[in-house]
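Observations on the three-dimensional arrangement
In case you want the letters, here they are:
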Amino acid sequence: MSESERAHPGNYEAPPPPPPPTPAPPAADGTGAQPTRRPTALAEIRDAVTVRSFLLVLGVLGLGLGFILSYVGGLHHPGAKNLPFAVVAPAEIQGPVLSGFGTIPGQPLSPRLVNDEQTARASVISRTTTGALIVDPASTRDTLYIASAAGPSISSALIQIVSAAEARQERTVRVVDLVRVSAQDSSGLSSFYAAVGWTVAGYLIASILGISAGARPATPMRAAIRLIVLALCAVVAGIVGAWLVQHVLGALPGPFWPLAAVGALLVFGAGAVTVALQVAFGVVGIGLAVLLFVILGNPSAGGAYARALIPPFWRAIGAFLPPGAGTDAARSIAYFGGQHTAQPLFVLTAYAGVGLIAALGLAALLRPRPAAGVVPEATA
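Residues numbered from 1 in each chain as written. Predicted model: local features only at pLDDT ≥ 70, side-chain atom pairs only at ≥ 80, totals over all residues. Heavy atoms only, no water.

Before going further, it helps to spend a moment on the environment of Asp177. Topologically, Asp177 is positioned in strand β5 (residues 172–177). In this structure Asp177 comes out as buried when scored by relative accessible area, which is 16%. For the pair Asp177 and Val124, spaced 53 residues apart in sequence, the C-alpha to C-alpha distance is 9.7 Å. Residues in contact with Asp177, not counting those within four places in the same chain, are Ile146, Ala147 and Ser148. Within polar-contact distance, the side chain of Asp177 engages the side chain of Ser148 at 2.5 Å. Within the structure, the side chain of Asp177 is placed 3.4 Å from the backbone nitrogen of Val179, a separation counted as a polar contact. (Helix = DSSP H or I, 4+ residues; strand = E, 2+ residues; numbered from the N terminus. Buried < 20%, exposed > 50% of the residue type's maximum accessible area, 1.4 Å probe, protein only. Contact = heavy atoms within 4.5 Å. Polar contact = N/O pair within 3.5 Å; in protein donor to acceptor, adjacent residues only side chain to side chain.)

Listed below in structure tokens is the structure:
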């Protein structure tokens, strides 16, 4: 109020009151409540697909594409290259025989001379060579020794290569299979599928234990409990798997307990590495296990095609991954009296040991620390 207004109060006029608020329109249901504001489409998308889930979907998509690349790349065009091959021939024709194999396009064979037929047979049975040709100078028919139990795909490739080479010399070949596959294992894939089944069981058990109670165990004790449960499941899976393969299906011959031990070691090795990956990377560790054991391990294991027939990358890594090492060990136990099982058993033991130590060590190293001033529950 101004000085003049205070001096002459009769001349003062109060300002008009503010207009009343406009009432909100009634809701469609007649309650009079105001309608809730609907979120925008962008807000709905952000709420439905978080950044974390988006990155996980990208990872799964990458695994799917990697699956296609690895399986098709490793198995779409198998071919022999420098297969070790023994030759027994009289001295006067050794040169022409070896040069004839050396001129085959693509050099599928790497022939070498051996002294006699007995040595050639032993080299095939021990798998130091893929096959052996015994040249008979007194006739036009030679003998080819193979071991189909080492891999029917490689034996079939060898028969085709040698038969074509002999036909060019106007000769024929008689095939003798020194180590045949079981009648219930005609394709020779039973050892491969058993190894794949044990590997899948290992990383799935570890994954389920992680998903059900948190991918990263809160304490080293919980990590140890998971590994103990995994070990018990591995023993059961090894025994039951070997029993199914041998006594129910009759697919693989050979001693039972060594095959069961390979299965148990394979399950525990794959599972322990998966536990370690989950401790280190959380749920992403499951994807890394799938990459290692399935995407890279299966096509390089020597199942559908022998390892000697697949491209160099898969050929190089196959023996050092659990599916390939398990396939080699199971095949050796079933058909070759356990020969050459030292390397695959060492590989499987290494996975079990490294996975065990890494899981416990990382669980202790990455254990959540209590905040300052907070008394641990056990102490309280």
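Read on for the rest.
What follows covers helix α6 (residues 152–168). Given a rise of 1.5 Å per residue, 17 residues ought to cover 24 Å, and the 25 Å separating the end C-alpha atoms of α6 matches this to within 8%. Taken together, the buried positions of α6 are occupied by Pro152, Ser153, Ile154, Ser155, Ala157, Leu158, Ile161, Val162, Ala165 and Glu166. Of the surrounding secondary structure, the elements contacted by the buried residues of α6 are β1 (83–88), α4 (94–102), β2 (109–113), β3 (131–134), β4 (141–146) and β5. Following α6 by one or two positions, Glu170 adopts a phi angle in the positive range, close to 60°. (Expected span 1.5 Å × (residues − 1).)

Here the structure, examined in full by the defined rule, presents six aromatic pairs. On the numbers, 5.5 Å between centres and 65° between planes, the contact of Phe85 with Phe101 is edge-to-face. With Phe85 in strand β1 and Phe101 in helix α4, this pair connects stretches of sequence that are 16 residues apart. For the residue pair Phe85 and Phe101, the accessibility class agrees, reading buried in each case. Plain terms: the ring middles of Tyr203 and Phe293 are 6.3 Å apart, the flat faces sit at 25° to each other, and that makes the pair stacked. One end of the pair, Tyr203, is in helix α7 (residues 190–213); the other, Phe293, is in helix α10 (residues 284–296), with 90 residues separating them in the sequence. On the basis of relative accessibility, which here comes to 10%, the residue Tyr203 falls in the buried class. Residue class for Phe293 comes out buried when judged on its relative accessible area of 1%. Against the face of Tyr145 rests Arg121, its NZ or CZ located 5.1 Å from the ring centre. The ring centre of Phe336 lies 4.2 Å from the NZ or CZ of Arg127, which sits over that ring. (Phe/Tyr/Trp six-rings, centres within 6.5 Å; stacked < 30°, edge-to-face > 60°. Lys NZ or Arg CZ within 6 Å of the ring centre and 35° of its normal.)

Let us look at the environment of Thr143. Looking at the secondary structure, you find Thr143 in strand β4. Once the C-alpha coordinates of Thr143 and Thr172 are considered, the two residues, 29 residues apart in sequence, prove to be 8.7 Å apart. Here Thr143 is in contact with Ala132, Leu133, Ile134, Val173, Arg174 and Val176, once residues within four sequence places are set aside. At a separation of 3.2 Å, a polar atom in the side chain of Thr143 contacts the side chain of Arg174.

The final tally for this structure, using the stated rule, is two salt bridges. A salt bridge links Asp142 to Arg171; its shortest N-O distance comes to 2.7 Å. Placement of Asp142 in strand β4 and of Arg171 in the loop between α6 and β5 is noted, with a sequence separation of 29 residues between them. Residue class for Asp142 comes out buried when judged on its relative accessible area of 1%. Measuring nitrogen to oxygen at the nearest pair gives 3.2 Å for the salt bridge that ties Asp328 to Arg307. Of this pair, Asp328 sits in helix α12 (residues 322–335) while Arg307 sits in the loop between α10 and α11 (312–317); the two residues are 21 residues apart in sequence, bridging distant segments of the chain. The exposure class of Arg307 is buried, given its relative accessible area of 16%. (Salt bridge = Lys/Arg side-chain N within 4 Å of Asp/Glu carboxyl O.)

Structural measurements only, silent on function.
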